[in-house]
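# Coordinate inspection notes
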Amino acid sequence: MSVQLSDSLVLLRPPRSDDADAMVAAARESAASVGRWLPWCHANYAKHESLAWIDAVRAAWEANEAFSFLIFDRGNGLLQGGCAINEIDRLRLRANLGYWVRSSAQGRGVATAAARLAARFAIEKLAMQRIEIVAAVGNVASQRVAVKLGATYEGRWRNRLRIGETQTDAHGYSIIPSDVRAWTAPGDGESQ
């Protein structure tokens, strides 16, 4: 789990145990905005929840089942959110890309920068041929990130997401290798 991805705005790396307190602070700060879409993010999010998540992430990395990253500000090193490549289907070379950004960092391009790095990682390092972004119909911020990435909109997928106890429609987007190649070339300041 020594992978680090970065550009001029953000640095992504797998979580470590010493990130637990920063995760708690980010989740509690963001319960109103992020928690609406990701129920794990709630006002009483506790350190034991953070540590359990970090352990689960470590196990998923070791098993090559999912690849979660924390997002840090490249300038000041503060935790900004998280992103992940998960729901990996190795037979079809397909995976899901998810992301969240703490309230105080929203609207500054953090999610777009992180999602671009994670998508490139999935295509170039994991050999995925299709990355899907699934955003709840009401999650306009997540949809905007997909559009800024240049992901192709594929439509409204009925009952695609379960948020808490509610099944909901979602907008689906995709990124394929030619999309990633159309982004700036490797060596443009991004590192892996």
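Note that the structure is a prediction, hence the values are computed from the model and not measured.

Our next topic: the confidence of the model for the chain. Detail in the predicted coordinates should be disregarded across regions flagged by low pLDDT. For the chain, mean pLDDT is 94; residues scoring 70 or higher make up 95% of the total. Counting interchain partners and residues more than four positions distant, the pLDDT-below-50 stretch residues 187–192 has 17 contacts.

To continue, consider the pairing of strand β7 (residues 152–163). By the bridge criterion, eight bridges tie β7 to strand β8 (residues 166–175) in an arrangement that is antiparallel. Bridging across to β8, tryptophan 157 finds its partner in alanine 170. The antiparallel hairpin formed by β7 and β8 contains two residues in its connecting segment, where glycine 164 sits at a positive phi of about 65 degrees.

Moving on, we come to the sheet that holds strand β4 (residues 79–89). Read from one edge to the other, the open sheet built from eight strands follows the order β1-β2-β3-β4-β5-β6-β8-β7, with strand pairing classed as mixed. This sheet does not close on itself; its edge strands, each paired only once, are β1 (5–6) and β7. Examined bridge by bridge, strand β3 (residues 67–73) and β4 share six bridges and lie antiparallel to one another. Looking at the pairing, isoleucine 71 lines up with glycine 81 of β4. With respect to the sheet, helix α1 (residues 20–29) is in contact with β3, β4 and β5 (94–101), its orientation differing from that of β4 by roughly 95 degrees.

Here the focus is the packing of aromatic side chains. Tallied over the full model, the rule gives eight aromatic pairs. Relative to tyrosine 45, the ring of tryptophan 40 has its centre 5.5 Å away and its plane inclined at 65 degrees; by these criteria the two rings are edge-to-face. Owing to a relative accessible area of 31%, tryptophan 40 belongs among the partly exposed residues under this scheme. Using a relative accessible area of 3% as the deciding quantity, one classes tyrosine 45 as buried. Seen from their ring centres, tryptophan 40 and tryptophan 100 are 5.3 Å apart, and the 75 degrees between their planes marks the pair as edge-to-face. Taken together, the residues span a long stretch of sequence, with tryptophan 40 in the loop between α1 and α2 (47–62) and tryptophan 100 in strand β5 at a distance of 60 residues. Aromatic ring contacts, followed pair by pair, group Trp61, Phe67, Phe69 and Phe121 into a single cluster. Taking the ring centre of tryptophan 183 as reference, the NZ or CZ of arginine 116 above it sits at 5.0 Å.

Calculation notes
Numbering of residues starts from 1 in each chain and follows the order in which that chain's sequence is written. It should be noted that, the model being predicted, local features are given only for residues of pLDDT at least 70 and side-chain atom pairs only at 80 or more, the latter also being counted only at that level, while totals for whole chains, interfaces and linings use all residues. The side-chain figures draw on all heavy atoms in the structure; neither hydrogens nor water molecules are used. The pLDDT value tells you how sure the predictor is about a given residue, anywhere from 0 up to 100. The contact rule is simple, with two residues in contact once any of their heavy atoms fall within 4.5 Å. For two strands to pair, DSSP has to find at least two bridges joining them. By the criteria applied, helices consist of DSSP H or I runs no shorter than four residues and strands consist of E runs no shorter than two, each listed in order from the N terminus. Think of each axis as a best-fit line through the C-alpha atoms, taken over the contacting stretch in the case of a helix, with angles from 0 to 180 degrees between the N-to-C directions. For Phe, Tyr and Trp, rings pair up if their centres lie within 6.5 Å, where Trp contributes its six-membered ring, and each pair is then called stacked (planes under 30 degrees apart), edge-to-face (over 60) or tilted (otherwise). Buried means the residue's accessible area, taken with a 1.4 Å probe over protein chains only, is under 20% of the maximum for its type, while exposed means over 50%, and partly exposed covers the values in between. The criterion for a charge sitting over a ring is simple: Lys NZ or Arg CZ within 6 Å of the ring centre, and within 35 degrees of the ring normal.

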